[in-house]
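Observations on chain architecture
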Amino acid sequence: MALFEEQLNEIMQQADAWRADGLARELSFEGREPWPEGPSLVLEEDTALELGNPAVASLSVLLWSEEDGVEDGRITLVGPDVAETTETSIPFAQVVVVSGRFENEYESYRDIRDAVYDTRLEGFSTRTMPSKQSLWCRVSSDAAGRGFSLADLGASLIEALKELDEVEAAEVMFITSSAEHVKSLTPAARGAQRVVDALMMMYQEDNYDCETCEYQDVCDTVMDLKKIRQRLDEMKRGSGAR
Amino acid sequence: MIIAVCGKGGVGKTTISAVAAQALHDRGNGKVLVVDADPAGGLSTALGLTPKKTLNDVRKEIIEEIKVGGRDEKDLSISLDYLLAEALTEHDNLGFLAIGRPEDVGCYCRVNVILRDAIEGLAERFDSTIIDAEAGIEQINRKVMSPVDYILLVADTSAKALNVAETIRDVAHQMIGGEGAGLVINRAREQAEVEPIKNETRLEVLGWVPEDDTVRRFDGRGESFLQLPECPARGAITGALKKAGLEI
Ligand SMILES: Nc1ncnc2c1ncn2[C@@H]1O[C@H](COP(=O)(O)OP(=O)(O)OP(=O)(O)O)[C@@H](O)[C@H]1O
Ligand SMILES: [Mg+2]
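Residue positions are counted from 1 within each chain, in the order its sequence is given. Whichever chain is written first becomes A and whichever ligand is written first becomes 1, with later ones labelled in order. Where local features are concerned, this predicted model is filtered to residues with pLDDT of at least 70; where side-chain atom pairs are given and counted, the filter is 80 or more; whole-chain, interface and lining totals use all residues. Based on all heavy atoms of the structure, the side-chain values leave hydrogens and waters out of the count.

It is worth spelling out the site of ligand 1 at this point. Residues and elements named next belong to chain B. Whether a residue is near a molecule or strand depends on its heavy atoms: if one lies within 4 Å, it is near. In the vicinity of ligand 1 lie 18 residues, with Lys-13, Thr-14, Thr-15, Arg-187 and Asp-219 positioned nearest. With respect to ligand 1, the backbone of Val-11 contributes an N or O atom lying 3.2 Å from an oxygen atom. A distance of 2.9 Å is found between an oxygen atom of ligand 1 and a backbone nitrogen or oxygen belonging to Gly-12. Relative to its free-state accessible area of 630 Å², ligand 1 is covered by the protein chains to the extent of 78%. Contacts described as polar in this section are N or O atom pairs within 3.5 Å, which, within protein, must combine one atom able to donate a hydrogen with one able to accept it, while residues neighboring in sequence count only if both atoms come from side chains. Per-residue accessibility takes into account occlusion by the displayed protein chains alone, with areas from the Shrake-Rupley method and a 1.4 Å probe.

Glancing now at unusual backbone geometry. Residue A:Gln133 is not a glycine yet carries a positive backbone phi of 55 degrees. Note on conventions: DSSP H or I runs of at least 4 residues are helices, E runs of at least 2 residues are strands, and numbering of each starts at the N terminus. Note that A:Gln133 resides in the loop between strand E7 (124-129) and strand E8 (134-140). Phi at B:Arg187 takes a positive value of approximately 60 degrees, unusual for a residue other than glycine. Here B:Arg187 lies in strand E7 (residues 180-188). Only protein chains enter the calculation, and the probe is 1.4 Å; a residue is then buried if its accessible area is under 20% of its type maximum, exposed if over 50%, and partly exposed in between. Take B:Arg187: its relative accessible area is 41%, and that puts it in the partly exposed class.

Turning next to the side chain of A:Gln94. All names here are of chain A. Relative to the elements of secondary structure, Gln-94 occurs in strand E6 (residues 92-100). For Gln-94, a relative accessible area of 5% corresponds to the buried category. With residues up to four places along the chain from it excluded, the contact list for Gln-94 reads Leu-59, Ser-60, Val-61, Val-116, Leu-135, Leu-153, Leu-157, Val-172, Met-173 and Phe-174. Any two residues having at least one pair of non-hydrogen atoms within 4.5 Å are treated as being in contact.

With 29 residues of chain A in contact, the opposing surface of chain B contributes 24 residues. When two parts are put together, the accessible area they lose, computed with a 1.4 Å probe and summed over both, is reported as buried area. A combined buried area of about 2,600 Å² lies between chain A and chain B, and 49% of that area is made up of carbon and sulfur atoms. The salt bridge criterion pairs a side-chain nitrogen of Lys or Arg with a carboxyl oxygen of Asp or Glu, the two atoms within 4 Å. The interface formed by chain A and chain B includes six salt bridges. Salt-bridge contacts for B:Lys74 lead to A:Asp114; the nearest nitrogen and oxygen are separated by 3.7 Å. Across the contact surface, chain A and chain B share eight residue pairs in polar contact (both at pLDDT 80 or more).

Here an angle of 0 to 180 degrees is reported between the N-to-C directions of two axes, which are lines fitted to C-alpha atoms, with helices fitted over the stretch in contact. At their nearest, the axes of helix H2 (residues 105-117) of chain A and helix H4 (residues 73-87) of chain B sit 11 Å apart, and the two run at 25 degrees to each other. Here H2(A) lies roughly parallel to H4(B), going by the angle between them. In this structure, the crossing between H2(A) and H4(B) has a hand that is left-handed. Contacts from A:Tyr109, A:Arg113, A:Asp114 and A:Tyr117 in H2(A) reach B:Lys74, B:Asp75 and B:Ile78 in H4(B). By the convention adopted, Pro, Cys, Tyr, Trp, Phe, Met, Ile, Leu, Val and Ala count as nonpolar, Lys, Arg, Asp and Glu as charged, and the other residues, Gly among them, as polar. Class assignment of the residues belonging to the contact of H2(A) with H4(B) gives a composition of three nonpolar, no polar and four charged. Convention used here: angles under 35 degrees read as roughly parallel, angles over 145 as roughly antiparallel, angles from 65 to 115 as roughly perpendicular, and any remaining angle as oblique. Two helices crossing with the near one rotated counterclockwise from the far one by less than a right angle form a left-handed crossing, whereas a clockwise rotation gives a right-handed crossing.

Next up on the list: the packing of aromatic side chains. Only rings of Phe, Tyr and Trp enter the pairing, Trp through its six-membered ring, and a pair is recorded when the two centres are within 6.5 Å. The plane angle decides the type: under 30 degrees is stacked, over 60 is edge-to-face, the rest tilted. Within this structure, the stated rule accounts for eight aromatic pairs over all chains. Ring geometry for A:Trp136 and B:Tyr82: centres 5.8 Å apart, planes at 70 degrees, overall edge-to-face. Of this pair, A:Trp136 sits in strand E8 while B:Tyr82 sits in helix H4, on two different chains. The class of A:Trp136 is buried, set by a relative accessible area of 9%. Clustering of aromatic rings is evident, with ring pairs tying together A:Phe4, A:Trp64, A:Phe102 and A:Tyr109.

What follows is about the environment of B:Pro51. All names here are of chain B. One can find Pro-51 in the loop between helix H2 (43-47) and helix H3 (55-68). Each C-alpha atom of the pair Pro-51 and Pro-102 lies 15 Å from the other, and the pair is 51 residues apart in sequence. Excluding residues that lie within four positions of it along the chain, Pro-51 makes contacts with Ser-44, Ala-87, Thr-89, Phe-96 and Ala-98.

Put into structure tokens, the structure is as follows:
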């Protein structure tokens, strides 16, 4: 099985189901100027809309695949966009999916993660806790007044991802409709996180013992991880013999 | 601009930090970060702001992240940002952070490293920062204050307090370098009490703050200094802050 095959299938199916139910729509970036970049700290008093507050539902997922099936440039939204809600704090999920050729999975993970996390837009603050997969964002009153949309976020993310050599196609899905919808993706997201954790562990630890490793179950089900492990083992043995 | 309020124990550092926060508590003054760097934590009471999470809690959570493993530097720095946002208590244009008290003795330096990173990263995004430092020279010694632009030294009219203030100035000069510093003489009864100190000290004297009944009353009742009305102490402290270079 490929790295995120199971999770990707699950999430893609859910997205298709939402599309079929008329809950999901595609956001168009056409005719919009790229939103200016710049780090921002949006204080509560300057906040028009909060997305993914830790007290509400929040989820951030990064998936990549060597298979086709990623619709390049697509920005999908389930729920209201920034200007379409009267709430001040809403649930939030951000699902980023890319496809391409990933020779070094570990490097690729870091490239993709950095492209996503280093995307900083003016008047839009993002905070991420990778181990919890939470993403907590604020749209400033100023940005909201200037018409900030999740299409701007989506387009910036996709652009940053497409700058990576290994990425061929990228798409993003946002969910703002309800905590239930966000949470329905949690099992797949957690599964993906365990794959990433196992991958990080493999590359970071010099000596891992599969028998005692807490990610053994992940490696056992995900064939690609097994292959990566074998490759790493061979590399280490090779360098030890020299 | 980052100002650290330093001095001997009990001379009025927390009071002056709280009044500074009060003076800056107005949209017109931009975003203001207020940091209680004293593990004993008096500024929280003085401002009536209770943090849900302290910097020490953040430290504990980051250590957990490291223990669990599988996280690289970038993950940790992103996580630190997130946890800091949780630790930041917001009140209008003010953001408040408290260092908190580590329960295991002997790990203060670890807290201080976290504190420094926290201040540096966050303070950059605020227009001004006020730090209520721990009494004495320990935090200066440990280079916790490296991002500080200005040291606001506080002393009462005692020779001991003046001595500590001068020592802090010297240590800071050695450890950090050329940032500014100035002295506020607190709890003086009259001008005449201040003159000899002015003549004697090498420090620049920014002003003196009278013993003030309104301050005593607020302190006695535990009322938030953010509500402090016009009073002689408030006027004097605001004046000193302006001299220190803060735009109020
Ligand atoms: N100008 C003033 N007029 C009246 N009372 C004052 C004044 N300044 C400080 N005080 C009082 O002096 C006491 C000590 O002040 P404060 O807590 O600000 O000192 P500190 O330097 O922060 O002490 P510590 O080193 O313990 O943190 C408090 O009860 C405070 O109300
Ligand atoms: Mg104090």
